[in-house]
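Read off the chains here:
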Amino acid sequence: MLYYVGLIAVVAFSVTGVIAAGKKDMDIFSIVLLGVVTALGGGTLRDIILDANPIFWIADTTYFWVSLVASIVAFFGVRVVTRLLKLFEYADALGLSLFTILAMEKSFNLGFGYTTAVVMGIITGIVGGVVRDILTGRTPLVMGREFYATPALIGAVFFAVAMCCFPTFGGSKYFAMCIIFVLRVCAIRWGLYYPRWLTYKTYQDS
Amino acid sequence: MLYYVGLIAVVAFSVTGVIAAGKKDMDIFSIVLLGVVTALGGGTLRDIILDANPIFWIADTTYFWVSLVASIVAFFGVRVVTRLLKLFEYADALGLSLFTILAMEKSFNLGFGYTTAVVMGIITGIVGGVVRDILTGRTPLVMGREFYATPALIGAVFFAVAMCCFPTFGGSKYFAMCIIFVLRVCAIRWGLYYPRWLTYKTYQDS
Amino acid sequence: MLYYVGLIAVVAFSVTGVIAAGKKDMDIFSIVLLGVVTALGGGTLRDIILDANPIFWIADTTYFWVSLVASIVAFFGVRVVTRLLKLFEYADALGLSLFTILAMEKSFNLGFGYTTAVVMGIITGIVGGVVRDILTGRTPLVMGREFYATPALIGAVFFAVAMCCFPTFGGSKYFAMCIIFVLRVCAIRWGLYYPRWLTYKTYQDS
């Protein structure tokens, strides 16, 4: 089950990579490359930092092929269904939520503690998108004023607490994924920001 | 023989790093650093992902020193021979072709499969240049509309097929390097692009 | 003693990350994340390249917590004490000097040679700041014309020579840190540049 959740996350992030490329004048191969890097980048950094060998997409190349096919389909799909472009932030929210919790699950399985698991979850969730945004010359989403990394933090802390209190209950990871996704979608929908005193510019205005 | 090919690739990428720096107002040490990072960055990522320890330029510091000397020579060379500036894309093409195939060779030697070898080849070939372009604030070459990563893909797939069909024939790697270099040079010379339906902007124009 | 020096370096770099974020419109979590990445990024890359497992902040999460608290304090501190903003380059100089020498110390302890130690020192010292600058869309400080990486080089070479000639004298690392910090502060104060023939633009002017 978790395996398929991972593949869904890979598909979601591949699609965001392809859509992000749309603002530039790029050929199919560069775009597919961008989709694959976005999808596999976060997990690659996670496995490098945790020294989990071999890297997940080398151990099981299914991840790579799924990412490749999803990128190619998305490349041709966006021109048929232009509405797909509006899916960008939702696909990104889905990838963020799934990758964050999956990385924590992997950290726990490898025997790391709560702090490490939460940090690795957040890093894995956001790194793919950060690399995507840097390569396409956009300001990384996570660096914006909008609620981006905070849903990942809340979900990650929830999952850590749940693992601490109810280590045998397997459903908490799906709850945590939902929390991140729903919070992020709400942030997109209603433009949720932190209150002014928790953003940086305030002290310059007042 | 392969060892010297690797050193040539290091020299080529060091020179591109130094030339790329020329658009900025930088001191000699930053420029040499940029040359070294460009030359050694791709292989470093390759060795980290494949968990090949120690990293190639730690195992044999010759790579590092060659890169350092090449960068310094290039720094002083470009002002004597201004024509060197025009060599940028050709040196980049040379580095791309050599690093791609050398990384595949190393992947095969470490026992990895065809998919992994092709992916690592392409990553190794392009990462040095991507880091160089991000550090100097340029749009990464690989993200352009021009035929950049595609020659690397074609050469890498050719080499993988050759290794599969004729595993004992040692010449195929040199063929593959030539394929990448020649295709990339053709792309620069005649401005080869993908046809419109394989680039992203099309659907917005029509 | 070295342990506390490391924590001071983490605090210094965390603060620079938070201050750097101030030019953008970011929420507290993104800013704290930036502080933590700036503080821990260089050492993470060092441990990945040297294959030192586990990564330092996983082996001892104190580093992570200190970075987190320092970032939060800095976030609220800068609006009370606006003068803190002027500390940016000095905190950066402090982090640069401490991280460079600490990374060399770690390299030597792991049995690596002089070349590797010097390279790792410089990489560790500058990587955190480079990531910070890329994420906030600034031109990396190290890529400027000002004396930035050169103090790190001079201090690193001094320390390598000292370790070679007086391997039993423990004070040389503190000397080396002071050299880097003082040179960098002088560079900031008096705007030290390389002479024109050692910067790149010269040949185009003349």
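Residues numbered from 1 in each chain as written. Chains lettered and ligands numbered in written order. Predicted model: local features only at pLDDT ≥ 70, side-chain atom pairs only at ≥ 80, totals over all residues.

Brief notes about the overall build of chain A
Just so we agree on the cut-off: A run of H or I in DSSP becomes a helix once it reaches four residues, and a run of E becomes a strand once it reaches two; helices and strands are each numbered from the N terminus. Backbone-placed C-beta atoms define the burial measure: a residue is buried with 20 or more other C-beta atoms within 10 Å of its own, exposed with 12 or fewer, and partly exposed in between.
Tallying secondary structure elements over chain A gives nine helices and zero strands in all. What you see in chain A, going N to C, is helices and strands ordered as α-α-α-α-α-α-α-α-α. The burial tally for chain A puts 53% of its 206 residues in the buried class.

Examining the nonpolar core
Put simply, the rule is: What we call a nonpolar core is a set of buried Ala, Val, Leu, Ile, Met, Phe, Trp, Tyr and Cys residues whose membership is set by joining through C-beta atoms within 7 Å. Residues are scored as being in contact if the C-beta atoms we place from backbone atoms lie within 7 Å.
Counting residues in hydrophobic clusters, the biggest one holds 205 residues, and the most contacted among them are A:Val18, B:Val18 and C:Val18. Not counting residues within four places of it along the chain, the set of residues in contact with A:Val18 comprises A:Ile31, A:Leu34, A:Gly35, A:Ser71, A:Ala74, A:Phe75 and A:Val78.

Quick word on helix 8 (residues 172–190) of chain C
Residues and elements named next belong to chain C. Note the following rule: By definition here, a helix of n residues has an expected span of 1.5 Å times n minus one. Think of the arc as the fan of directions from the helix axis to the C-beta atoms.
Compared with the 27 Å implied by 1.5 Å per residue over 19 residues, the 27 Å span of helix 8 between its first and last C-alpha is a close match. For helix 8, the complete set of buried residues consists of Lys 173, Ala 176, Met 177, Ile 179, Ile 180 and Arg 184. Mapping the buried residues of helix 8 onto a view down its axis gives an arc of 155 degrees, with all of them on the same face. Opposite the buried face of helix 8, by more than 90 degrees, sit the exposed residues Arg 189 and Trp 190. On its buried face, helix 8 is in contact with helix 5 (88–109) and helix 7 (149–165).

Overview of unusual backbone geometry
Residue and element names in this part refer to chain B. Of note in the backbone geometry, Asp 51 takes a positive phi value of approximately 55 degrees without being a glycine. Tracing the chain through its elements places Asp 51 in the loop between helix 2 (28–49) and helix 3 (56–59). Judged by the 16 C-beta atoms lying within 10 Å of it, Asp 51 falls in the partly exposed class.

Points about the packing of helix 2 (residues 28–49) of chain A against helix 6 (residues 114–135) of chain A
Residue and element names in this part refer to chain A. Threshold: Axis definition: a line fitted to C-alpha atoms, over the contacting stretch in the case of helices. Angles run 0 to 180 degrees between N-to-C directions. Crossings are assigned a handedness: left-handed for a near helix turned anticlockwise from the far helix by less than a right angle, right-handed for a clockwise turn.
Running from N to C, helix 2 and helix 6 cross one another at 145 degrees; their axes reach a closest spacing of 8 Å. Where helix 2 crosses over helix 6, the two elements pack in a sense that is right-handed. In contact with Leu 34, Val 37, Thr 38, Ala 39, Gly 41, Gly 42, Gly 43, Leu 45, Arg 46 and Ile 49 of helix 2, helix 6 contributes Met 120, Ile 123, Thr 124, Gly 125, Val 127, Gly 128, Gly 129, Val 131, Arg 132 and Leu 135.

Some thoughts on the environment of B:Glu105
Residue and element names in this part refer to chain B. Tracing the sequence through the fold places Glu 105 in helix 5 (residues 88–109). For Glu 105, a count of 19 C-beta atoms within 10 Å corresponds to the partly exposed category. When the C-alpha positions of Glu 105 and Glu 89 are compared, they lie 24 Å apart, and in sequence the two are 16 residues distant. If we skip the residues at most four places from it in the chain, Glu 105 touches Leu 2 and Lys 173.

Regarding helix 2 (residues 28–49) of chain C
Residue and element names in this part refer to chain C. Put simply, the test is: By definition, a residue's bend is the angle between the axes fitted to the seven residues ending there and the seven starting there.
Taking 1.5 Å of rise per residue, the 22 residues of helix 2 would be expected to cover 32 Å, and the 31 Å separating its terminal C-alpha atoms lies within 8% of that figure. The sharpest bend along helix 2 measures roughly 40 degrees and falls at Leu 40. Counting buried positions over the 22 residues of helix 2 gives 21, a clear majority of the element. Following helix 2 by one or two positions, Asp 51 adopts a phi angle in the positive range, close to 55 degrees.

Describing the confidence of the model for chain A
Where the model shows low pLDDT, its predicted coordinates should not be examined in detail. All names here are of chain A. Filter applied, for reference: A score from 0 to 100, pLDDT tells how confident the predictor is in each residue.
Put simply, chain A has an average pLDDT of 82, and 85% of its residues get 70 or more. This stretch, residues 202–206, has a pLDDT under 50; its non-local contacts, to residues over four places away or in other chains, come to five contacts. With a pTM of 0.85, the predicted complex shows an ipTM of 0.79.

Digging into the environment of B:Tyr63
Residue and element names in this part refer to chain B. In this structure, Tyr 63 sits in helix 4 (residues 62–80). Take Tyr 63: there are 22 C-beta atoms within 10 Å of it, and that puts it in the buried class. Not counting residues up to four positions away in its chain, the partners in contact with Tyr 63 are Val 10, Leu 40, Phe 56 and Trp 57.

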